[in-house]
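Observations on the three-dimensional arrangement
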Amino acid sequence: MMEYRLENYEEALTHQVIHMDQAVCYCPEFRATKMMHHYPSRRLQLARAVYKNEIELSDYIGQINFTGILSRQGERWQNFRECPEDCTDVTILCRQMLLEKGYAAPETEAFQKALQKGGNRLMSAVKWELPFQKDSEMGILLDDETAQCGKKSQENLNAYLKLHKMSFVNEAESEFLGFEYFAYGMVEEGKSRLENLVEKYQNMGIRKLLVLSAKAAYLLREFVKKLDITPEFEVVYLPEILEPVKESVKTYVYGGSFNLRYLGNSAMLNQLVPGETKEQIPASQEFIPLIKGNARVNELTIWQKPIGAEYQLFCPDEKIMEAVREDALADIRKSGSEKILIFEPTACEILKKAFPDQEAVYYLEII
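Our subject in this report is the structure included herewith. Bear in mind that the values here come from a model prediction, so they are computed numbers and not experimental data.

1. A short note on the overall build of the protein
In terms of helices and strands, the protein carries 16 helices and 8 strands. Relative to a compact globule of 367 residues, whose C-alpha radius of gyration would be 21 Å, the protein shows 21 Å and is just as compact. Viewed in the frame of its principal axes, the protein has a C-alpha envelope of about 60 × 55 × 35 Å. Here the analysis covers contacts within the protein between residues at least 6 apart in sequence; of these, 73% occur between residues at least 24 apart. A total accessible area of about 16,300 Å² is found for the protein, and carbon and sulfur atoms account for 47% of it. Within the protein, one finds 44 positive and 56 negative side-chain charges whose respective centroids are separated by 4 Å.

Dropping the structure here:
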C-alpha cells in the first residue's frame, strides 16, 4: 500500500501544475478574488517549487495554499474527466509539507488550540434518542454537524427508523469525524483519529454502519483506503436508501461538495427528489441548469456552487468567504424556489438565515 505522503504523489502534483485549469471559471476562490494565484494549478505550482527547493518558503506562499476550502470545484478533473481525488490529495499533502518545512499556519495553530480547549473535539457531544437493540448487527454514526441540526431532525429520524424496523447496537452520541486534521495539514494525527474511529465501531461487531452525512460516507468508504485502513463493516449513507421524495412546491435542492463532487451523488439526488420535467429554463447557466415545473427546480450536477467549506474554518479570509457564499446564494435566488431542501448539514444555518421567507429544511426533516 502506497503511504499517504507527498513523495508518493509527486507525479500527481506535477500533473496538476503543468496544465491550465480549464474549469477555473467555477473555482470559488478565484471567482471571489479574480487573482491567478487562486487557480488550483498556480497555488500548487508554488507549493511544488518549495517542495523541490526551487524557491524559499514564505508566508505569502503558505497563506495561498491554506486558503482553499477543498470544495473540488473549478479543478481540471471537471473538464478533463480525470481522477477527482488528485488535486485534493496533493493539496492536503502540500499543506503537510509546508508545515514540516517550518510554515506556522495560523489556521493549523487555531485548530490545535480549539482541540485542546474542547478535549480533542470541536463541538460538544450531543446524544439522540434512536432505536437501540443490543443484539443488532447495525451501528449508527451521528456526526457532529448533523447533530447540531436540531431536535426536529432527531424526531423525524427516530420515526423513520422505527417504521422501517431499524435499530442499533450503540447509542447515537455525536462523533467528531476529524476531516479538519487533513484540511490543516495534520495528516498523521488525522490518520490516528480515523483508525480509532473505525476500531471503535469494529469492536461493536457490526456488519453495517449507518451514516447521515456525505462527509462521513466519504471518509469511511473512500478516504480510509488512502491511509491503509480497512473497515470490516459496510458503510450505508442514508439518502442512498431512501425512497423518492415528492415535492409539491418549487424546491431548490442543495447537495454540497461532499455529495456532488467527493461521492458523485448528483444522479442519486436528482432521482431522490424528482423534478416534473427536465426542460431547462433558457436563461439558466449551462452546467447548473434551472428546470421548469413545480417540484425540484434545479438540476444537480458536479458544478453546483459551494456555500462554503464543509468543515470548521479557522482564520478564514472573511471577504473571500462572503464572496463565495453570496455567489452560491445568488443562484438559489434566481431559481424562484419556495423551498430549499438541504443535504449538507454545514449549510443549514447559512441557508435558513439567508432565506427567512422560504422553508429551508435539512433532509432528515422530511423523510
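2. A look at the sheet that holds strand 6 (residues 251–254)
Taken in spatial order, the 3 strands of this open sheet run 6-7-8, and their pairing is parallel. Every interior strand has two partners, whereas the edge strands, strand 6 and strand 8 (359–362), have only one. Strand-to-strand twist across the sheet, computed as the mean angle between neighbouring axes with direction ignored, equals 20°.

3. Regarding unusual backbone geometry
Backbone geometry places Leu70, a non-glycine residue, at a positive phi of 60°. Along the polypeptide, Leu70 turns up in the loop between helix 4 (59–65) and helix 5 (77–80). On the basis of relative accessibility, which here comes to 11%, the residue Leu70 falls in the buried class. The phi dihedral of Asp228 falls on the positive side, at around 60°, and the residue is not glycine. Here Asp228 shows up in the loop between helix 12 (214–226) and strand 5 (234–237).

4. Description of the pairing of strand 2 (residues 138–141)
The two faces of strand 2 match: Met138 and Ile140 on one face and Gly139 and Leu141 on the other face are all buried. Where strand 2 and strand 4 (residues 208–211) come together, 4 bridges link them in parallel fashion. For Met138, the partnering residue across the bridge sits in strand 4 and is Lys208.

5. Observations concerning the sheet that holds strand 5
By definition, the strands of a sheet pair up through backbone hydrogen bonds, in either a parallel or an antiparallel sense. Strand order in the open sheet formed by 3 strands is 2-4-5, with parallel pairing between adjacent strands. Two strands in the sheet have a free side with no partner beyond their single neighbour: strand 2 and strand 5. If you compare each strand with its neighbour and ignore which way they point, the axes differ by 30° on average. By the bridge criterion, 4 bridges tie strand 4 to strand 5 in an arrangement that is parallel. In the strand pairing of strand 5, Lys208 is matched with Glu234.

6. Topic: the pairing of strand 6
As a general feature of sheets, a regular strand has side chains that alternate between the two faces. Every second residue of strand 6 is oriented toward a common face, with Thr251 and Val253 on one face and Tyr252 and Tyr254 on the other, all of them buried. Pairing of strand 6 with strand 7 (residues 339–342), which is carried by 4 bridges, proceeds in the parallel orientation. Counted as the bridge partner of Tyr254 is Ile342 from strand 7.

7. A short note on the packing of aromatic side chains
Counted under the stated rule, the structure contains 22 aromatic pairs. Measuring from centroid to centroid gives 5.8 Å for Tyr184 and Phe314, while their planes differ by 65°, and the two rings are edge-to-face. Here Tyr184, found in the loop between helix 10 (179–183) and helix 11 (187–202), pairs with Phe314, found in the loop between helix 14 (266–272) and helix 15 (318–334); they are 130 residues apart in sequence, far enough to count as distant. Phe314 matches Tyr184 in its accessibility class, with the two residues each being buried. Sitting over the ring of Tyr262, Arg72 keeps its end group 3.8 Å from the ring centre.

8. Some remarks on the layout of surface pockets
Each pocket or cavity is described by its volume, and for the largest pocket that value is around 700 Å³. Considering the residues around the largest pocket, the lining is formed by 26 residues, among which Ala309, Thr346, Ala347, Glu349 and Ile350 are closest to the centre. Among the secondary structure elements, those contributing two or more residues to the lining of the largest pocket are helix 15 and helix 16 (348–354). Considering each element in turn, the lining of the largest pocket owes the most residues, 6 residues, to helix 16. Across the lining of the largest pocket, the residue classes tally to 14 nonpolar, 4 polar and 8 charged. Reported here for the second largest pocket is a volume of approximately 270 Å³. Along the wall of the second largest pocket there are 22 residues; nearest its centre are Gln63, Thr67, Glu107, Asp317 and Ile320. Put simply, the parts of the chain that give the lining of the second largest pocket at least two residues each are helix 4 and helix 15.

9. Points about the environment of Glu11
Counting through the fold element by element, Glu11 comes out in helix 1 (residues 10–17). Among the residues examined, Glu11 registers a relative accessible area of 70% and is labelled exposed. Placed 75 residues apart in sequence, Glu11 and Asp86 show a C-alpha to C-alpha distance of 9.9 Å.

10. Side note on the side chain of Lys215
Along the chain, Lys215 turns up in helix 12. Given the relative accessible area of 5%, Lys215 is considered buried. Ignoring any residue separated from it by four or fewer positions in sequence, one finds Lys215 in contact with Glu145, Leu177, Phe179, Phe258, Glu310 and Tyr311.

The rules behind the values
- Residues numbered from 1 in each chain as written.
- Predicted model: local features only at pLDDT ≥ 70, side-chain atom pairs only at ≥ 80, totals over all residues.
- Heavy atoms only, no water.
- Helix = DSSP H or I, 4+ residues; strand = E, 2+ residues; numbered from the N terminus.
- Rg over C-alpha atoms; globule rule 2.2 N^0.38 Å.
- Contact = heavy atoms within 4.5 Å.
- Areas by Shrake-Rupley, 256 points an atom, 1.4 Å probe, with all protein chains shown as cover.
- Lys, Arg positive; Asp, Glu negative; His and termini not counted.
- Charge placed at Lys NZ, Arg CZ, Asp CG, Glu CD.
- Pairing = 2+ DSSP bridges.
- Axes fitted to C-alpha atoms, helices over the stretch in contact; angles between N-to-C directions.
- Buried < 20%, exposed > 50% of the residue type's maximum accessible area, 1.4 Å probe, protein only.
- Phe/Tyr/Trp six-rings, centres within 6.5 Å; stacked < 30°, edge-to-face > 60°.
- Lys NZ or Arg CZ within 6 Å of the ring centre and 35° of its normal.
- 1 Å grid on protein atoms, 1.4 Å probe; cavity = no way out; pocket = protein on both sides within 12 Å on 5 of 7 lines; lining within 4 Å.
- Points joined across faces, edges and corners; volume = space filled by probe spheres on them.
- Nonpolar A, V, L, I, M, F, W, Y, C, P; charged D, E, K, R; others polar.

Functional significance is not addressed by these values, which are geometric in nature.
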